[in-house]
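Descriptive analysis of the structure
Here is how the chains run, residue by residue.
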Amino acid sequence: MADDRPIFVAGAGSWGTALAVLIANQGYRTILWGRREEHARALNEERENRRYLPGVDLPPPLEATTDLSRVSSAQAVVFVVPAQHSRGVLIELRNAADRAPMPVVLCSKGLERGTLAPMHHVLEEAWPEAEPAVLSGPSFAADVARGLPTAVTLAASSPEAQQFWLERLATSSFRPYASDDLMGAELGGAVKNVLAIACGIAVGKGFGESAKAALIARGFSEFQRFGRVMGARHETMGGLSGLGDLVLTANSK
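These notes cover the structure that comes with them. Not measured: the values here are computed from a predicted model.

The next thing to look at is the packing of aromatic side chains. Scanning all chains against the criterion turns up two aromatic pairs. Measuring from centroid to centroid gives 5.1 Å for Phe164 and Trp165, while their planes differ by 85°, and the two rings are edge-to-face. Both residues of the pair, Phe164 and Trp165, belong to the buried class. Here the guanidinium or amino end of Arg168 rests over the ring plane of Phe164, the centre of that ring lying 3.6 Å away.

Further remarks concern the nonpolar core. The biggest cluster of nonpolar side chains holds 38 residues, and the ones touching the most others in it are Trp15, Val78, Leu135 and Trp165. Those residues within four positions of Leu135 in sequence are excluded, and the remaining contacts are Trp15, Leu19, Val105, Leu106, Cys107, Val152, Thr153, Leu154, Leu169 and Phe174. Membership of the second largest hydrophobic core comes to 29 residues, among which are Val77, Phe79, Leu90 and Leu123.

A side chain with one charge can pair with a side chain of the opposite charge if their charged atoms come near. In total, this model carries 15 salt bridges according to the counting rule given. The residue Glu167 makes a salt bridge to Arg168 at a minimum N-O spacing of 3.5 Å. On the basis of relative accessibility, which here comes to 44%, the residue Glu167 falls in the partly exposed class. Overall, the relative accessible area of 9% leaves Arg168 in the buried class. Salt bridges linked by common partners bring Glu46, Glu48 and Arg50 together as one network.

Reading the values: the criteria
Think of each chain on its own: its residues are numbered from 1, step by step along the sequence as written. Whole-chain, interface and lining totals are the exception, using all residues; otherwise, since this is a predicted model, local features are given only for residues with pLDDT of at least 70 and side-chain atom pairs are given and counted only at 80 or more. As a rule here, side-chain values cover all heavy atoms of the structure and leave hydrogens and water aside. In summary, the pairing rule links any two rings of Phe, Tyr or Trp, Trp by its six-membered ring, whose centres are within 6.5 Å, and it sorts them by plane angle into stacked for under 30 degrees, edge-to-face for over 60 and tilted for everything else. Categorising residues by exposure relies on relative accessible area from a 1.4 Å probe, with only protein chains included: less than 20% of the type maximum marks a residue as buried, more than 50% marks it as exposed, and the intermediate range marks it as partly exposed. In this scheme, the term charge over a ring applies when either NZ of a lysine or CZ of an arginine sits within 6 Å of the ring centre and within 35 degrees of the ring normal. The definition of a nonpolar core used throughout is a set of buried Ala, Val, Leu, Ile, Met, Phe, Trp, Tyr and Cys residues joined through side-chain atoms within 4.5 Å. We call two residues in contact whenever any of their non-hydrogen atoms come within 4.5 Å of each other. By convention in these notes, a salt bridge is any Lys or Arg side-chain nitrogen within 4 Å of a carboxyl oxygen on Asp or Glu.

As structure tokens, this is what we get:
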């Protein structure tokens, strides 16, 4: 029997809204959670996230809320809260879910300041009963929400967890490639931002395309060395969530 419980998407910015649209378009009841009451009300009334994702219709199975306790009725959580706010929200979600062993796919990119922990380590500490997965790769929210072809890495520790999320996220235009390298998938999404900022500085200084290409290539080499020390696999760093995400972000205006 199919699980008809909703999927809870935590984070109502552009990426959270895009993933909620992706899931709801497949017929899953989807709860999109955000902090601000006026934002949730506008999403429900206008059926559009005009601030973060204008021009994209919100499908009928999608409902916005500020009520965190509704996670208790969900089958799984798509977590899209910014990295530096993740620990606190995960603790709140755990308490609201009564410490249930729930699948959680982490879609936030970054390392926690102070601890330098990747998000799946933060999840292990904040909600140890959760079943972790990571979604990362070269993906702009507007492209995904509009059904443009996109491929990403979906990392989970077990084939069952991989299959669970593939069934709920994969479409004809959104292709997750399964992996069990959570560290590699997370590091790519964090480090590429540092390198992309360097590329932006080079562009702003008028250094030209050659300098930008050198920054991407040498920065990627440094990322590979860093990743190996952290336990990431070579093929993950050279794949969608590493090199792919770096190419997209470093070359996009």
